[in-house]
Structures are given as structure tokens and as C-alpha cells.
Amino acid sequence: MSQFAGFNPVHVIERIDWTPEQFSLRVRGAALPFAAGQFTKLGLSDEEGNLVSRAYSLVNAPEAQTDEHEFLIVAHPQGKLSPRLQSLRTGDTVWMGDSAYGDLIQPSIPEFTQDLWLLATGTGIGPFLSLLADQRLTQPNIVLVHGVRYDRDRVYREAIQTLVEQYQGRLRYHSVVSREAVDDAMSGRIPALIDSGELQTISELELAPERSFVMMCGNPEMIKDTASTLRDKGLPPFRQATGGNYIHERYW
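What you are looking at is a predicted structure, and each value in this text was computed from that prediction instead of being measured.

Parameters at a glance
- Residues numbered from 1 in each chain as written.
- Predicted model: local features only at pLDDT ≥ 70, side-chain atom pairs only at ≥ 80, totals over all residues.
- Heavy atoms only, no water.
- Phe/Tyr/Trp six-rings, centres within 6.5 Å; stacked < 30°, edge-to-face > 60°.
- Helix = DSSP H or I, 4+ residues; strand = E, 2+ residues; numbered from the N terminus.
- Buried < 20%, exposed > 50% of the residue type's maximum accessible area, 1.4 Å probe, protein only.
- Pairing = 2+ DSSP bridges.
- Axes fitted to C-alpha atoms, helices over the stretch in contact; angles between N-to-C directions.

## Thoughts on the packing of aromatic side chains
Working step 1: Per the stated rule, a full pass over the model turns up 4 aromatic pairs.
Working step 2: Look at Phe4 and Trp95: their rings are 5.0 Å apart centre to centre, the planes differ by 90 degrees, and that puts the pair in the edge-to-face class. A residue pair is termed long-range when its members are at least 10 positions apart, and Phe4 in the segment before strand S1 (7-17) and Trp95 in strand S6 (residues 93-97) qualify at 91 residues.
Working step 3: Classification of Phe4 by relative accessible area gives buried; the value is 14%.
Working step 4: Take Trp95: its relative accessible area is 4%, and that puts it in the buried class.

## Some words on the sheet that holds strand S4 (residues 51-57)
One key point about sheets: their strands pair by backbone hydrogen bonds, in either a parallel or an antiparallel sense.
Working step 1: Strand order in the open sheet made by the 6 strands is S4-S3-S6-S1-S2-S5, with antiparallel pairing throughout. Both edges of this open sheet fall to S4 and strand S5 (68-74), since each of them pairs with a single strand only. With direction set aside, neighbouring strand axes in the sheet form an average angle of 40 degrees.
Working step 2: Relative to S5, strand S2 (residues 22-28) is paired through 7 bridges, and the arrangement is antiparallel. Among the inter-strand pairings, Ser24 is bridged to a residue of S5, identified as Leu72.

Dropping the structure here:
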């Protein structure tokens, strides 16, 4: 088997099909040093023997496994990689990066943070599941918000409920569904719900510069619009030199 620099071969041990487009891959076969909330790359060789790879967040916590890792992926019909990943079966080989990257990690959270807001759309919830499962967050209040198009896209709900119970009142979870009405979900888009104050009201928290820190991952439009809304409310982007109240990660 050919080798690709910076990658290790791993084997699929399970594929979980959440929806026709969204799935999780669990793989085994290589250790990967990473911090909860980071991402690495998965890849497959093409017909010419070249590696086609893309970045995907790890869903599992670092201590949860040794050489087993889990990724949440959405298959894009015209994608060069994701439809092929979706077709993998147990025992198939995929290439996994040997390094991890990303700033959505516990050390990135400023010391002043009392209220930690984790805002995600789609597969962007992956790093936050890892971060929460790592059980190192000490903030008194943590709000996890997952924006999706349809009810079926609300993945990992049992795992999230388990996390809510484990955090014993410190973790609030809200899902936001934009394209259909769902009884136990908010309706609309995350930035609009922040702008109107509806998200803060249901969370029983304010977005206050002196105590709030926001992490965002997912659709670039959500990140752009939410960042603008936060700035309008007096919460600037975080910089090491000057401080601030939000950071984000996006892979496309």
C-alpha cells in the first residue's frame, strides 16, 4: 500500500447514517495526539494514486479512545471526497492525518469567561461535542446551540442529553431548525435569534462583554452574520493582544 506523507492508514469500524447526507465514521488503527475541539484530515487516493483530503473535526474526546476516532461528515453530491467516504464500509481503509489543528479548545477560553456560548450549524457541532465530552470546561454556564435545516439533522441528541446530565445544570442545549416547525426547537437562524434577544431569554443569560465568550463553528454565513451581531452588541473578536469575546473555525 502506498504511503502518503503526514497521514496514517486507519480502518473503518462503524459508519452511522444519520440522514441521507449526514453520517459519522468511526475509525481505528493510529494514535493521534489532539486537544478536544481540534480537527485533522481524512483522505482517499484517486484514480491516479493521488491523495484527496479534507479537514474534519474529531467528535470524540482525547481520553475517550487510544487509536479510535470519530468524525461527523456531510456528503456533498458534487464533492470529490465526501460521497466516497459515505460509501465506505466496515474494514475499508481511509487515510487520517497524523497531526491535529484548531483553536476551539479549552486553553483558548479567556479566564474572565463565566458564560461560554458554543454556536454551531450542521457538522460544526463536532468540535463542541469533543470539547464537552473532555469534561475540562469549568465555566458556571455553558450554552450549546445547534442550528440545522430540518428536524432529522439534529444529530447526537442522546449523547447531548447525557452531557447535559453530566454537567449537572451548567450546560444548556438549544436546537434551532430553520426550514420546518419543530415543537422542541427554536425557529429561524442563530444570528437573528441573538439579535432579537430570544436566544438569551431562553438561555436565561445575557451576552455581556465582561463575562461572555463565544465559540462558533459551521456555515460561513452563520459565522459572518453572528460575528456582526456580536460586534453590534459590544462583543469584539478575540485577539491575544487585546482580548475580546468570540472566535470561530470554518473549514470551507
